[in-house]
Amino acid sequence: MDHNTFNQFLDQWQNDIYRMIRSRVNAPADAEDIMQEVLLKLYRGLDSFRGESQLKTWMYRLVKNAIADYYRKPWWKFDWVREREFPDGSTSQPALEQYLDEQQVSALDAVLSKEQGEHLLKLVDRLSPAEKEYFTLRFLDAFSLLQISEATGKNLNTIKTHLYRAVKKMRNYLLEES
Amino acid sequence: MMNTLSSSTCEDHLLAVLIDGEQCSPGSREHVSTCPGCQQQLLRFQQQVDEARDCLAPTSLQMQRIRTRVWNKVERKVNRGFSWQPAWTSALVLGCFILLTFMIPYRFPLVAQVVLDSPSLYASADSLEVMADQLLPGTAASEPVWINTLTGGVPESDSMEQIDEMIELVIPETGEQT
C-alpha cells in the first residue's frame, strides 16, 4: 500500500480508531502507543483485508488485540526512546487552548461541553465491564447492534439485555446526581 | 438523560429507540417522534454522547505525532538490516557477562587469573592438599582423606596410630567394659 492511499484511509478513519482506543484506555500516552501499533497492523493488513467482515468490526478486533498485547508486553519491549523522536516538548494530553483552537468554539461553551462529555465518560466507567463495553460500542463507537454482534460474537438478545441494563443504570446515576 | 419521563411506556419506547436505533419497532419510533418529553430526552442524550465523543477525539497535534511515528517505523522496517534495539543491547550485555563470569574461568583458568585478576572458581590440587593438612594434620599430603573415604581404601599405618591416639584423647580408657 502506498503512502497516499494509507493517508487517505487515515483521514477517514483516524478519529474513529483513536476514539475506540481512548474509550478503553485511560492514559493518553498509552492510547497513542496502541494507536501506533494498530495503524502499523492496518498498514500491513489492509491489502489482504478480504471484506469477510465489515471494516469497522475488523478494526475493532485489531484494537482489542492491540490493547491486550500492549498490557501483556514485557518491559524490555517498551519503546523507551519514544520522546526523543519528538523534541518539541509537547505532551500527549491536549491543552485546552489547543482544543479551543481546533474546535472553533467559544471558551465557555467548550469548557461546559468538555465537562459534560467527561462527566458522561466517568459515569460509563461505573458500569460493569460487559455493560461498559456494549455501551461504548453502541453509543461512543456508533456501532449498530448487528455490528456489535459480529464484532463480539455474542447474540443480539444478550447484547440488548446488557445495553438495556447499561442505559437504565446510566439513568439512575444521573437521577442520583440531579 | 431520561429523568423527566412521564410514564414507563415512554421509557420503554425511548429505550427501544436508543438501543435498536433504525431497527426499532415503528410504534416506538412514532411515539418518540410525537412525544415532546421523549424527544427532549432523546436529544439531550444524543448531545451528551456527542460531547463525550468529542472528548475522546484526538487533536490534530496528536494525530500528526502518531502518523510521524508510524511512518518512521514503516521506513525503518523497510530499510534496516539490524538496528540497536534496547532488547538486543541488553541481551548482548547479558551474554558477555555470562561468558566472562562462568565460561572463561572454567575453560581457561589461567586466562581468568590474568584477565580477571581473580583465582579460578575451581580450587587447584595444591589448595586441596593445604586444606587437608589444616583439617587433619599429619595426613599424607598426596592422599587427601576424602579420597580414602570415597574409595574405601586402607589408610597408612602412621595415620591409624594417630587416629587411635585421638580416640584415646576423646574417650579415655576407664577399664574393661562388658
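Note that the coordinates shown come from a computational prediction; the quantities given were computed from them, not determined experimentally.

A.B. asks: I'm lost on the overall build of chain B in this one. Help?
C.D. replies: What chain B contains, in helices and strands, is nine helices and zero strands. Traced from its N-terminal end to its C-terminal end, chain B shows the element sequence α-α-α-α-α-α-α-α-α. Here the contacts in chain B between residues at least 6 apart in sequence split such that 30% fall between residues at least 24 apart.

A.B. asks: It is not clear to me how the overall build of chain A should be interpreted in this structure. Could you clarify?
C.D. replies: Summing up its helical and strand segments, chain A has eight helices and zero strands in all. Looking at chain A as a whole, 27% of its 178 residues qualify as buried. When contacts within chain A are restricted to residue pairs at least 6 apart in sequence, long-range pairs at least 24 apart make up 64% of them.

A.B. asks: Would you explain helix α1 (residues 3–22) of chain A in this entry?
C.D. replies: Note: α-helices contain 3.6 residues per turn, so residues at a spacing of three or four share the same orientation. A maximum bend of about 60° is found in α1(A) at A:W13. If you check which residues of α1(A) are buried, you get A:I17, A:Y18, A:R19, A:M20, A:I21 and A:R22. In this structure, the buried residues of α1(A) make contact with α2 (28–45), α3 (55–72) and α6 (129–140) of chain A together with α3 (36–56) of chain B.

A.B. asks: Honestly, the confidence of the model for chain A in this entry has me stumped. Any pointers?
C.D. replies: Low pLDDT means the predicted atomic positions in that stretch should not be read closely. Residues and elements named next belong to chain A. The pLDDT averaged across chain A works out to 80; a share of 75% of its residues lies at or above 70. Taken element by element, the predicted model of chain A shows its lowest mean pLDDT in helix α4 (residues 96–103) (55) and its highest in α6 (92). Long-range and interchain partners of residues 81–94, a stretch whose pLDDT sits below 50, account for 12 contacts in this model, where long-range means more than four residues apart.

A.B. asks: Help me understand the packing of helix α2 (residues 26–34) of chain B against α3(B), please; the structure alone is not making it clear to me.
C.D. replies: Two packed helices can be described by the angle between their axes and the distance between those axes. Residue and element names in this part refer to chain B. Taken N-terminus to C-terminus, the directions of α2 and α3 make an angle of 95°; their axes are 5 Å apart at the nearest point. In terms of orientation, α2 and α3 fall into the roughly perpendicular class. Contact residues: α2 offers H31, V32 and S33, while α3 offers C38, Q39 and L42. When grouped by side-chain class, the residues that make up the contact of α2 with α3 number three nonpolar, three polar and no charged.

A.B. asks: Which parts of the structure should I look at to understand the nonpolar core?
C.D. replies: Most often, soluble globular proteins keep nonpolar side chains buried together rather than apart. All names here are of chain A. I17, I21, M35, V38 and V63 are the most contacted members of the largest nonpolar core, which totals 46 residues. Residue contributions to this core peak at six residues, all from α2. Ignoring anything within four residues of it in the chain, the contact list for V63 reads I17, M20, I21 and V38.

A.B. asks: I'm lost on the packing of α1(A) against α3(A) in this one. Help?
C.D. replies: Residues and elements named next belong to chain A. In the contact formed by α1 and α3, the axes pass within 10 Å of each other and the chain directions differ by 40°. Taken together, the axes of α1 and α3 lie oblique to each other. As for how α1 packs across α3, the hand of that crossing is right-handed. Of the residues in α3, those in contact with I17, M20 and I21 of α1 are M59, Y60, V63 and I67. Looking at the contact of α1 with α3 residue by residue, the class counts come to seven nonpolar, no polar and no charged.

A.B. asks: Would you take a moment to explain unusual backbone geometry for this structure?
C.D. replies: Only a minority of non-glycine residues have a phi that is not negative, and only a minority of peptide bonds are not trans. Even without glycine at this site, A:A142 takes up a positive phi of about 55°. Tracing the chain through its elements places A:A142 in the loop between α6 and α7 (145–152).

A.B. asks: Please clarify how the confidence of the model for chain B should be interpreted in this entry.
C.D. replies: Taken over all residues, the pLDDT of chain B has a mean of 72, while the share at 70 or more is 54%. For this predicted complex, the interface score ipTM comes out at 0.74, while the overall pTM is 0.61.

The rules we used
Residues numbered from 1 in each chain as written. Chains lettered and ligands numbered in written order. Predicted model: local features only at pLDDT ≥ 70, side-chain atom pairs only at ≥ 80, totals over all residues. Helix = DSSP H or I, 4+ residues; strand = E, 2+ residues; numbered from the N terminus. Contact = placed C-beta atoms within 7 Å. Buried ≥ 20, exposed ≤ 12 C-beta atoms within 10 Å, placed from the backbone. Bend = angle between axes of the 7 residues up to and from the residue. pLDDT = per-residue confidence, 0-100. Axes fitted to C-alpha atoms, helices over the stretch in contact; angles between N-to-C directions. Parallel < 35°, antiparallel > 145°, perpendicular 65-115°, else oblique. Nonpolar A, V, L, I, M, F, W, Y, C, P; charged D, E, K, R; others polar. Core = buried A, V, L, I, M, F, W, Y, C linked by C-beta atoms within 7 Å. Left-handed = near helix turned anticlockwise from the far one by under 90°.

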